[in-house]
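A look at the structure
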Amino acid sequence: MLIIMGLNAPDKDIERVKNKIIKADCTPHEIPGSKKLAIGITGASEKLEREQFLLLPSVEDVIRVTKKFKLVSRMMEPNDTVIDFGNASIGGKELNIIAGPCSVEDKDTMFRIAEEIKKLGLKFMRGGAYKPRSSPYSFQGLKEKGLKILDEVKKEFDLKIVTEVLNPRNLKAVADVADVIQIGSRNMQNFALLQEAGAVGKPVLLKRGMSATIEDFLLSAEYIINQNNYNIILCERGIRTFETATRNTLDLNAVPVIKTNSHLPLFVDPSHGIGIGAKVPAMSLAAIAAGANGLILEVHLEPSKAWSDGYQTISINTLKHLMSKIKRLAPIVEKEFNFSEG
Ligand code: PEP
Ligand code: MN
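This write-up is about the structure you can find in this document.

Parameters and conventions
Residues numbered from 1 in each chain as written. Chains lettered and ligands numbered in written order. Predicted model: local features only at pLDDT ≥ 70, side-chain atom pairs only at ≥ 80, totals over all residues. Heavy atoms only, no water. Donors = N, O, S within 2.8 Å, 3.2 Å for Na, K, Ca; no water. Helix = DSSP H or I, 4+ residues; strand = E, 2+ residues; numbered from the N terminus. Buried < 20%, exposed > 50% of the residue type's maximum accessible area, 1.4 Å probe, protein only. Arc of directions from axis to C-beta. 1 Å grid on protein atoms, 1.4 Å probe; cavity = no way out; pocket = protein on both sides within 12 Å on 5 of 7 lines; lining within 4 Å. Points joined across faces, edges and corners; volume = space filled by probe spheres on them. Nonpolar A, V, L, I, M, F, W, Y, C, P; charged D, E, K, R; others polar. Core = buried A, V, L, I, M, F, W, Y, C linked by side-chain atoms within 4.5 Å. Contact = heavy atoms within 4.5 Å. Pairing = 2+ DSSP bridges. Near = heavy atom within 4 Å. Polar contact = N/O pair within 3.5 Å; in protein donor to acceptor, adjacent residues only side chain to side chain. Sits in = over half its atoms within 2 Å of the grid points. Salt bridge = Lys/Arg side-chain N within 4 Å of Asp/Glu carboxyl O. Phe/Tyr/Trp six-rings, centres within 6.5 Å; stacked < 30°, edge-to-face > 60°.

Points about the coordination of the manganese ion (ligand 2)
Around the manganese ion (ligand 2), the protein contributes the donor atoms Cys102 (SG), His272 (NE2), Glu298 (OE) and Asp309 (OD), which lie 2.0 to 2.4 Å from the metal centre. Written as a sequence motif, the donor residues of the manganese ion (ligand 2) are C-x169-H-x25-E-x10-D. Of this pair, cysteine 102 sits in the loop between β7 (96-100) and α3 (107-119) while histidine 272 sits in helix α9 (residues 270-274), and the two are 170 residues apart along the sequence. Like cysteine 102, the residue histidine 272 is buried in the burial classification.

Quick look at the structure:
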């Protein structure tokens, strides 16, 4: 349920509405909009009667939110969420690319990749210090040493760092370095991790589980937003289907569907989505055309030498070409994309 009040509703009227919600063992969430103040309700709100609220002073309307997800829903917040990073913002009109290797590699390689990313005018760099690998025998990431390298990259190049947390034990160490905490596909329904990462207060990039429906995905985001953390970037990264010609099936259907249903920014990861570097540019353009707010791409100086996921990684040169195409595509989808030619 969503209680709509005038923007200049007096505090005492707002308090009255909130108290009524709390008395019914539910939680009120104040969502200030540009025209109205909305108070969202989470919890077992079925018991609450619409009429009880309509009678209260300053209440203009009461809307039942029929979807299971509430605070991430566009019904709760019709305007796009825009996450401010100072020199960049994610969501709304601006397109962004988060680029970097699959795993954090040695300092020299990371610095050389960061330098190229910076030259292109990109603001965000990715790289996993903790890697969720299907096989326990595969490289598991540089862990703390990787975080230290990311911290050095961040300081040297003034790039925003996007890196994955695998479990709550490492959350503090990851959050100390990350500008965006990534929660990967395999952890999309690790609810304890979602809650704890959400509570840190830093932006969270949440990747869709490989067998999760769109509803499951948005409900997972709801666990984070419930921690009063509205800075969530959703990320479609492909789902498992019967198809074996590609690593996953990049579900671009999800893009317009999620954009209609949620105010949160939505990124697409075509690297994991298709799993073939040569086909990443095509799917990147398709993702932007479908309405994504940005891309997360695996990029390396020499993809064949990447420590993990080299086959789906693109070179700096391919990234550069792709970016100039995105620049041309952006106005068609009413977006802006700023970058330097390097
Ligand atoms: C990643 O982006 O490094 C990653 C492991 O992706 P996913 O969680 O989508 O598999
Ligand atoms: Mn990878």
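Thoughts on helix α8 (residues 254-261)
Since the α-helix turns once every 3.6 residues, residues separated by three or four places project in the same direction. Within the sequence span of α8, burial applies to Ala254, Val255, Ile258 and Lys259. Down the axis, α8 shows its buried residues gathered within 125° of arc, on one side only.

Observations regarding the layout of surface pockets
For the largest pocket, the calculated volume is near 210 Å³. Its residues assigned to classes, the lining of the largest pocket shows two nonpolar, five polar and nine charged. Computed from the structure, the second largest pocket encloses a volume of approximately 170 Å³. Lining the second largest pocket are 14 residues, with Gly33, Lys36, Ala38, Met76 and Pro78 positioned closest to its centre. Contributions of two or more residues to the lining of the second largest pocket are made by β1 (2-6) and β3 (36-42). For the lining of the second largest pocket, a count of residues per class yields eight nonpolar, three polar and three charged.

Some points on the nonpolar core
Looking at soluble globular proteins, one finds that nonpolar side chains tend to be buried together. Counting residues in hydrophobic clusters, the biggest one holds 81 residues, and the most contacted among them are Ile97 and Leu319. With residues near it in sequence (within four places) discarded, leucine 319 still touches Ile97, Ala99, Leu120, Leu122, Leu297, Val299 and Ile314. Ranked by size, the runner-up nonpolar core spans 17 residues in total, among them Ala24, Leu37, Ile41 and Phe53.

Focus: the pairing of β1
Of all five residues making up β1, five are buried, and the element is well covered by its neighbours. Side chains Leu2, Ile4 and Gly6 of β1 all project onto a buried face; the interleaved residues Ile3 and Met5 project onto the opposite face, where all are buried too. Two elements, β1 and strand β4 (residues 59-63), share four bridges in a ladder whose sense is antiparallel. Across the sheet, the residue bridging to isoleucine 3 is valine 62, located in β4. Here β1 pairs with β3 via five bridges, running antiparallel. Note that in β3 the partner of methionine 5 across the bridge is leucine 37.

What to know about the site of ligand 1
In the vicinity of ligand 1, the contacting residues are Arg126, Lys131, Pro132, Glu164, Gln182, Gly184, Ser185, Arg186, Lys207, Arg237 and His272. A distance of 2.7 Å separates an oxygen atom of ligand 1 from a polar atom in the side chain of lysine 207. Between ligand 1 and arginine 237, the relevant distance is 2.6 Å, taken from an oxygen atom to a side-chain nitrogen or oxygen of the residue. Given that more than half its atoms are within 2 Å of the pocket grid, ligand 1 belongs to the largest pocket. Each residue belonging to the shell around ligand 1 can be placed in one class, and the counts come to one nonpolar, four polar and six charged.

Quick notes on the pattern of salt bridges
Counted by the stated rule, this structure contains 19 salt bridges. Measuring nitrogen to oxygen at the nearest pair gives 3.5 Å for the salt bridge that ties lysine 148 to glutamate 152. Here lysine 148 pairs with glutamate 152, and both are found in helix α4 (residues 144-157), just four residues apart, close to one helical turn. For lysine 148, a relative accessible area of 53% translates into the label exposed. Each of Lys107, Lys148 and Glu152 takes part in a single network of salt bridges with overlapping partners.

Looking at the packing of aromatic side chains
Enumeration over the complete set of coordinates arrives at four aromatic pairs. Ring geometry for phenylalanine 139 against tryptophan 307: centres 5.6 Å apart, planes inclined by 80°, an arrangement best described as edge-to-face. Of this pair, phenylalanine 139 sits in the loop between β8 (124-126) and α4 while tryptophan 307 sits in the loop between β14 (294-300) and β15 (314-315), placing them 168 residues apart in sequence. In this structure tryptophan 307 comes out as partly exposed when scored by relative accessible area, which is 38%. Here the aromatic rings of phenylalanine 191 and tyrosine 223 are separated by 4.4 Å at their centres, their planes lie at 25°, and the arrangement is stacked.

Distances and angles like these do not, on their own, reveal function.
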